[in-house]
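Understanding the architecture of this molecule
What follows is the residue order along each chain.
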Amino acid sequence: MAAADALWRIYIKPESPGSPSVAHDAGILRPKEIGKIKTTPTFRQLHDTIRYSLVARVLDCWRIVIQRGKPECQDLAKFAKSKPGWDFIVELSIVIAKEFVAGHDFARKTQGMPADERDYVQENAMLWLRHALLYTELSHAMNHGDIGRIEDALKSLVFLFDGCGKHKYSVQLSRFLISLNKVYPPRLARAIRMNWLVNPSGKPDGFRAVDWQVELNNFYTKVVHGGAASNHTIGLIRKRSILIDLYRSCHVVIERNFSLPFNSTWHAPPDMTKTLENLCQDLQSSSIHITKFGRGKEKETHKIEDAELKGMNSLLGKKKMEEAEIGEENIPLEEIGPQGIDDLGIEG
């Protein structure tokens with residue numbers, strides 16, 4: 001949720017829905033909810049917007065690369081019918097990652113260039129692909145219980161949180177990662193990693209955060225089996241709290257014996273085929289992933305700053321300032337700056 005809110009602060013909140021931006025994508029994906037998405041969006045609205053916007057933009061990148069590498073395939077449908085080999089798909093995906101996704105040297109390549117030699121719209125799109133892919137990787141790793149990949153994604157989110165103004169998240173997350181990798185004994189660190197997520201359903205993609213299970217237990221304790229009216233007291237809740245599992249198992253047995261249906265219906269996911277086609281056509285018409293020098297240099301175009309680099313400079317700069325104040329007061333201020341991820345105590 002914090003990662004989704006960070007992307008909303010950087011890419012959706014400050015942008016205009018009419019320009020080629022993520023906010024414009026949200027207007028196509030959820031035209032009736034764009035007002036709420038711009039002001040007070042829910043997590044599900046942000047999650048779906050990030051996911052489908054990323055899908056459409058990656059497909060647009062595939063279209064460009066395929067038209068360049070295989071002129072006989074003018075669209076993705078013809079490319080799919082040609083049944084390309086897996087090695088060729090991997091080769092093209094590497095090309096897309098290098099050409100359309102902002103790398104760690106992105107700011108060094110773009111800063112200092114004249115405005116007439118830059119394409120601000122494409123630069124915004126490259127930054128969005130990098131951070132949306134990072135968010136998708138974190139979401140997929142959490143759903144599948146891949147703790148190592150979660151840690152790798154959180155290292156980048158430390159700087160992203162600080163760069164977008166979520167300083168408390170950045171400080172606490174960096175402190176946790178440093179403790180997990182540098183302070184805690186190996187056995188304690190392993191215990192934390194093994195109990196970081198839980199899987200109540202037992203499905204491969206059914207992992208959830210521990211607090212999700214805690215809140216579910218609180219719901220059964222306080223609401224379902226906590227009594228009603230005058231019986232809804234702290235004393236009764238405490239007495240019944242140790243019997244929650246027994247109550248729940250009794251309910252499950254009765255439901256199964258009498259073949260009672262569930263109280264809610266698991267709806268199928270929405271069919272986004274037409275909506276994604278419209279978004280892909282809009283991206284193709286705006287040529288958002290094709291370089292056009294001088295595009296976006298107007299004042300009304302929102303130029304997105306690399307929040308990850310901004311957070312890195314901020315955090316590592318503060319660390320050097322603290323070191324100077326503690327015992328190295330003779331260090332010139334111009335030497336206080338980012339020195340690398342290792343200074344934060346995180347192995348990158």
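Throughout what follows, the structure given in this document is the object of discussion. Note that this is a predicted model, so its numbers are computed, not measured.

Rules of the game
- Residues numbered from 1 in each chain as written.
- Predicted model: local features only at pLDDT ≥ 70, side-chain atom pairs only at ≥ 80, totals over all residues.
- Heavy atoms only, no water.
- Phe/Tyr/Trp six-rings, centres within 6.5 Å; stacked < 30°, edge-to-face > 60°.
- Buried < 20%, exposed > 50% of the residue type's maximum accessible area, 1.4 Å probe, protein only.
- Lys NZ or Arg CZ within 6 Å of the ring centre and 35° of its normal.
- 1 Å grid on protein atoms, 1.4 Å probe; cavity = no way out; pocket = protein on both sides within 12 Å on 5 of 7 lines; lining within 4 Å.
- Points joined across faces, edges and corners; volume = space filled by probe spheres on them.
- Helix = DSSP H or I, 4+ residues; strand = E, 2+ residues; numbered from the N terminus.
- Nonpolar A, V, L, I, M, F, W, Y, C, P; charged D, E, K, R; others polar.
- Salt bridge = Lys/Arg side-chain N within 4 Å of Asp/Glu carboxyl O.
- Contact = heavy atoms within 4.5 Å.

Okay, the packing of aromatic side chains next. Per the counting criterion, the structure on display carries six aromatic pairs. Seen in terms of ring centroids, Phe79 and Phe88 are 6.2 Å apart; in terms of plane orientation they differ by 45 degrees. Their pairing is tilted. Judged by relative accessible area, which is 8%, Phe79 ranks as buried. Members of the aromatic cluster, joined through ring pairs, are Trp62, Phe79 and Phe88. Stacked on the ring of Tyr52, the Lys or Arg Arg51 has its end atom at 4.7 Å from the ring centre. Lys303 extends its terminal NZ or CZ atom over the ring of Tyr120, reaching a point 5.0 Å from the ring centre.

What follows covers empty space enclosed by the protein. Taken as a whole and judged by the stated rule, the model has one cavity of 30 Å³ or more. A volume near 50 Å³ is recorded for the largest cavity. What lines the largest cavity is simply Tyr11, Glu15, Pro20, Ser21, Val22, Arg57, Val121, Asn124, Ala125, Trp128, Ile288 and Ile304. Sorting elements by how many residues they give to the lining of the largest cavity places helix H8 (residues 120-144) first, with four residues. Counted by class, the lining of the largest cavity contains eight nonpolar, two polar and two charged residues.

A positive phi angle, near 50 degrees, is found at Lys83, a position not held by glycine. Of note, Lys83 is situated in the loop between helix H5 (76-81) and helix H6 (86-100). Looking at Lys83, the relative accessible area reads 73%, which means it is exposed. Even without glycine at this site, Ser287 takes up a positive phi of about 50 degrees. Position of Ser287 among the secondary structure elements: in the loop between helix H15 (273-286) and helix H16 (307-326).

Next up on the list: the pattern of salt bridges. Within this structure, the stated rule accounts for 17 salt bridges. Between Asp5 and Lys166 there is a salt bridge, with its nearest N and O atoms 3.0 Å apart. Here Asp5, found in helix H1 (residues 2-12), pairs with Lys166, found in the loop between helix H9 (147-164) and helix H10 (167-183); they are 161 residues apart in sequence, far enough to count as distant. Its relative accessible area of 8% is what places Lys166 among the buried residues. In this structure, Arg149 engages Glu137 in a salt bridge whose closest nitrogen and oxygen atoms are separated by 3.8 Å. Here the residue Arg149 occupies a position in helix H9, and Glu137 occupies one in helix H8, the gap between them amounting to twelve residues. Classification of Glu137 by relative accessible area gives partly exposed; the value is 33%. A cluster of three or more residues bridged by salt bridges with shared partners is formed by Arg30, Glu33, Arg44, Asp48 and Arg51.

Let us look at the environment of Ile290. Structurally, Ile290 can be placed in the loop between H15 and H16. Along the chain, Ile290 and Phe100 lie 190 residues apart, while their C-alpha atoms are 9.3 Å from each other. Those residues in contact with Ile290 that sit more than four places away from it in its chain are Ile64, Asp119, Gln122 and Arg295.

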